[in-house]
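# Remarks on the overall topology
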Amino acid sequence: MTDSDTYRKALDIALTDLTVMLTEARDYLYSPDYPLAAIGTLTSFADKADDVKAALRLYTNAMRRQP
């Protein structure tokens, strides 16, 4: 497995985690019982976004190093 494969997988995982979190927040927002839970779910958004940025940076650098 090459570096780019490893970093592609890391980016995929980070994007999946972010997508799941955003979907949950949207579901809570329109829930009649738990609309404020959307705010709680989104409190970790910055951390998840940082994970995506880091994985993207690693993947981009690996792709640039390929011949």
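So, here is what we can say about the structure in this document. Fair warning: this is a prediction, and the values are worked out from it, not measured in the lab.

What counts and what doesn't
- Residues numbered from 1 in each chain as written.
- Predicted model: local features only at pLDDT ≥ 70, side-chain atom pairs only at ≥ 80, totals over all residues.
- Heavy atoms only, no water.
- Patch = residues over 30% accessible without salt bridge, like charges linked within 9 Å, V, L, I, M, F, W, Y side chains within 5 Å.
- Areas by Shrake-Rupley, 256 points an atom, 1.4 Å probe, with all protein chains shown as cover.
- Salt bridge = Lys/Arg side-chain N within 4 Å of Asp/Glu carboxyl O.
- Helix = DSSP H or I, 4+ residues; strand = E, 2+ residues; numbered from the N terminus.
- Buried < 20%, exposed > 50% of the residue type's maximum accessible area, 1.4 Å probe, protein only.
- Core = buried A, V, L, I, M, F, W, Y, C linked by side-chain atoms within 4.5 Å.
- Contact = heavy atoms within 4.5 Å.
- Axes fitted to C-alpha atoms, helices over the stretch in contact; angles between N-to-C directions.
- Parallel < 35°, antiparallel > 145°, perpendicular 65-115°, else oblique.
- Left-handed = near helix turned anticlockwise from the far one by under 90°.
- Nonpolar A, V, L, I, M, F, W, Y, C, P; charged D, E, K, R; others polar.

## Observations regarding a nonpolar patch on the surface
On the surface, Leu22, Leu42 and Phe45 cluster together into a nonpolar patch covering about 240 Å² of accessible area. Structurally, Leu22 can be placed in helix α1 (residues 3-29). Under the relative-accessibility criterion, Leu22 is labelled partly exposed at 37%.

## What about the nonpolar core?
Residues Leu11, Ala14, Leu18, Met21, Val52, Ala55 and Tyr59 constitute the largest nonpolar core, which totals 7 residues. Of all the secondary structure elements, the ones that give two or more residues to this core are α1 and α3 (45-65). Top element by residues in this core is α1. It accounts for 4 residues. Once residues lying within four places of it in the same chain are set aside, the contact partners of Tyr59 are Ser4, Tyr7, Arg8 and Leu11.

## Looking at the packing of α1 against α3
At a closest axis distance of 8 Å, the pairing of α1 and α3 adopts a crossing angle of 155 degrees. If you check the angle between α1 and α3, you find them roughly antiparallel. Crossing of α1 over α3 shows left-handed handedness. Along its contact with α1, which presents Asp3, Ser4, Tyr7, Arg8, Ala10, Leu11, Ala14, Leu15, Asp17, Leu18, Met21 and Leu22, the element α3 presents Phe45, Lys48, Ala49, Asp51, Val52, Ala55, Leu56, Leu58, Tyr59, Ala62, Met63 and Arg65. When grouped by side-chain class, the residues that make up the contact of α1 with α3 number 17 nonpolar, 1 polar and 6 charged.

## Concerning the environment of Ile39
Structurally, the position occupied by Ile39 is in helix α2 (residues 37-42). Classification of Ile39 by relative accessible area gives exposed; the value is 55%. For the pair Ile39 and Asp17, spaced 22 residues apart in sequence, the C-alpha to C-alpha distance is 17 Å.

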